[in-house]
Amino acid sequence: MSARSKHASVCVENSTTIFIQRVVNAGSTNLTSTASTGNVGDSLRLEVAPGGALTCFKNGVSTLTATDTQIASGSPGLLISGNVATEKNWSGGNLHPLGQLDTEQDWTRTQHFTQGVAFGTETFAASPRAEQNIFLPGALTSTWTGATWTNDKAVTITRIQVQAKTAPAGCTTNAVVRLTDGTTPVNVTISAVANDSGAIAQNYPAGSSLQVLVQTAAAGCTTSPADANVTVQYRMQ
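Residues numbered from 1 in each chain as written. Predicted model: local features only at pLDDT ≥ 70, side-chain atom pairs only at ≥ 80, totals over all residues. Heavy atoms only, no water.

Engineer: Before we move on, can you summarise the packing of aromatic side chains with the specific residues and values?
Structural biologist: In the structure shown here, the tally under the stated rule is one aromatic pair. When the centroid spacing of 5.0 Å and the interplanar angle of 50° are considered together, the rings of Trp149 and Tyr234 count as tilted. Placement of the pair is Trp149 in strand β10 (residues 144-150) and Tyr234 in strand β17 (residues 226-236), with a sequence separation of 85 residues. Of the residues examined, Trp149 reaches a relative accessible area of 16% and is grouped as buried. Overall, Tyr234 belongs to the buried group, its relative accessible area being 12%. Looking at Arg45, its charged tip hangs above the ring of Phe57, at a distance of 4.1 Å from the centre. (Phe/Tyr/Trp six-rings, centres within 6.5 Å; stacked < 30°, edge-to-face > 60°. Helix = DSSP H or I, 4+ residues; strand = E, 2+ residues; numbered from the N terminus. Buried < 20%, exposed > 50% of the residue type's maximum accessible area, 1.4 Å probe, protein only. Lys NZ or Arg CZ within 6 Å of the ring centre and 35° of its normal.)

If you want it as structure tokens, here you go:
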């Protein structure tokens, strides 16, 4: 919007049509339009690119495009055509990337970040990853349950690694550490200090009672495996 001449490009909508308009003082010219049913709560955004390329987004979807080279420079602005308080719900600024926000933001409604969120160099997507660590103390020469984990969200197990302080030697039966919901197990055989399931993709629904346990006890060993730390890597579904 050019405040000096009251010359602006706007994206507006009524109950039947959405328009991109050129506004000069009190007059307006329709640059393009299409049928569109306006609803309470619709969000409209007009982007102006170099060269006068205009794109109107309705609820985040590109709906109209036009070109108007009559505004060479200007700033975002707000035109109030009535006295409805919610008409003032708007924002304006440069197109991405932004160096910083001009003011502190107060969000009173849920925000949906469809491209993920980055804090510094760390990016968070819709499927955040995490770990569960379970320590199995002592020799793995008996079967027992080390932990029970009831997941409140559906998860995909992506890897299980078991690190033993004491490596097994001479065993006729190697110990087996298992993660299971009682139906679908993931086993890791303890045959060395470091033991790895490799990359996996085992899904468990929300509310599963997941147990980490010594499923098979080591037997016939000259040195029994002992003091194992189990790391369960998973991501949210």
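Engineer: Quick rundown of the environment of Gly198? Include the residues and the values.
Structural biologist: The topology assignment puts Gly198 in the loop between β14 (194-196) and β15 (202-204). Each C-alpha atom of the pair Gly198 and Val188 lies 9.5 Å from the other, and the pair is 10 residues apart in sequence. Those residues in contact with Gly198 that sit more than four places away from it in its chain are Thr158 and Arg159. (Contact = heavy atoms within 4.5 Å.)

Engineer: So what about the environment of Gly182? Which residues, and what values?
Structural biologist: On the secondary structure map, Gly182 appears in the loop between β12 (175-180) and β13 (185-190). Of the residues examined, Gly182 reaches a relative accessible area of 67% and is grouped as exposed. For the pair Gly182 and Ser209, spaced 27 residues apart in sequence, the C-alpha separation works out to 7.9 Å.

Engineer: Summarise the side chain of Gln21; cite the residues concerned and give the values.
Structural biologist: Topologically, Gln21 is positioned in strand β2 (residues 17-24). According to the relative accessible area criterion, Gln21 is buried, its value standing at 14%. In terms of polar contacts, Gln21 uses its side chain to reach the side chain of Asn30, at 2.8 Å. (Polar contact = N/O pair within 3.5 Å; in protein donor to acceptor, adjacent residues only side chain to side chain.)

Engineer: Can you lay out the sheet that holds strand β6 (residues 61-67) for me, pointing to particular residues and giving the numbers?
Structural biologist: Taking strand neighbours across the sheet as the criterion, the three strands line up as β4-β5-β6 in an open arrangement whose pairing is antiparallel. With partners counted over all chains shown, the strands left at the sheet margins are β4 (44-49) and β6, one partner each. Shown here is a sheet whose adjacent strand axes are inclined to one another by a mean of 20°, direction ignored. Where β4 and strand β5 (residues 53-58) come together, six bridges link them in antiparallel fashion. Opposite Ala49, over in β5, you have Ala53 as the bridge partner. (Pairing = 2+ DSSP bridges. Axes fitted to C-alpha atoms, helices over the stretch in contact; angles between N-to-C directions.)

Engineer: Account for the sheet that holds strand β3 (residues 27-35), naming residues and giving values.
Structural biologist: The strand order across the open sheet built from three strands is β1-β2-β3, with neighbouring strands paired in antiparallel fashion. The sheet terminates laterally at β1 (7-13) and β3, the two strands that pair on one side only. On average, each strand axis in the sheet is tilted by 20° relative to the strand beside it, whichever way the strands run. Alignment of β2 against β3, held across eight bridges, turns out to be antiparallel. Paired with Ile20 across the two strands is Thr32, which belongs to β3.

Engineer: Can you lay out the state of the cysteines for me, pointing to particular residues and giving the numbers?
Structural biologist: This structure, assessed with the given rule, holds two disulfides. Two residues, Cys11 and Cys56, share a disulfide whose sulfurs are 1.8 Å apart. One end of the pair, Cys11, is in strand β1; the other, Cys56, is in strand β5, and 45 residues separate them in sequence. One exposure class covers both Cys11 and Cys56, and it is buried. Along the protein chain, the cysteines engaged in disulfide bonds are linked according to the scheme 1-2, 3-4 when indexed in sequence order. (Disulfide = S-S within 2.5 Å.)

Engineer: Requested: an account of the nonpolar core, with residues and values cited.
Structural biologist: Core analysis: the largest hydrophobic core is formed by 26 residues, its most contacted members being Leu136, Ile157, Ile160, Val162, Leu179, Val230 and Val232. Counting only elements with at least two residues in this core, the list comes to β9 (129-139), β11 (155-166), β12, β13, β16 (209-216) and β17. Here this core gets five residues from one element, more than from any other, and that element is β11. Excluding residues that lie within four positions of it along the chain, Leu136 makes contacts with Trp144, Gly146, Val177, Val214, Asp227, Ala228 and Val230. Among the nonpolar cores identified, the runner-up in size contains seven residues, and Cys11, Leu54, Leu64 and Ala66 belong to it. (Core = buried A, V, L, I, M, F, W, Y, C linked by side-chain atoms within 4.5 Å.)

Engineer: Describe the pattern of salt bridges, listing the residues and the values that go with them.
Structural biologist: Inspection of the entire model under this criterion finds five salt bridges. Measuring nitrogen to oxygen at the nearest pair gives 2.9 Å for the salt bridge that ties Arg22 to Asp68. Linking Arg22 in strand β2 with Asp68 in the loop between β6 and β7 (117-119), this pair joins segments that are 46 residues apart in sequence. When the shortest N-O distance is used, the salt bridge between Asp196 and Arg159 registers 3.0 Å. Pair noted here: Asp196 is in strand β14 and Arg159 is in strand β11, with a separation of 37 residues, a long-range link. A relative accessible area of 38% places Asp196 in the partly exposed class. Each of Glu13, Asp42 and Lys58 takes part in salt bridges that share partners, so that together they form one network. (Salt bridge = Lys/Arg side-chain N within 4 Å of Asp/Glu carboxyl O.)

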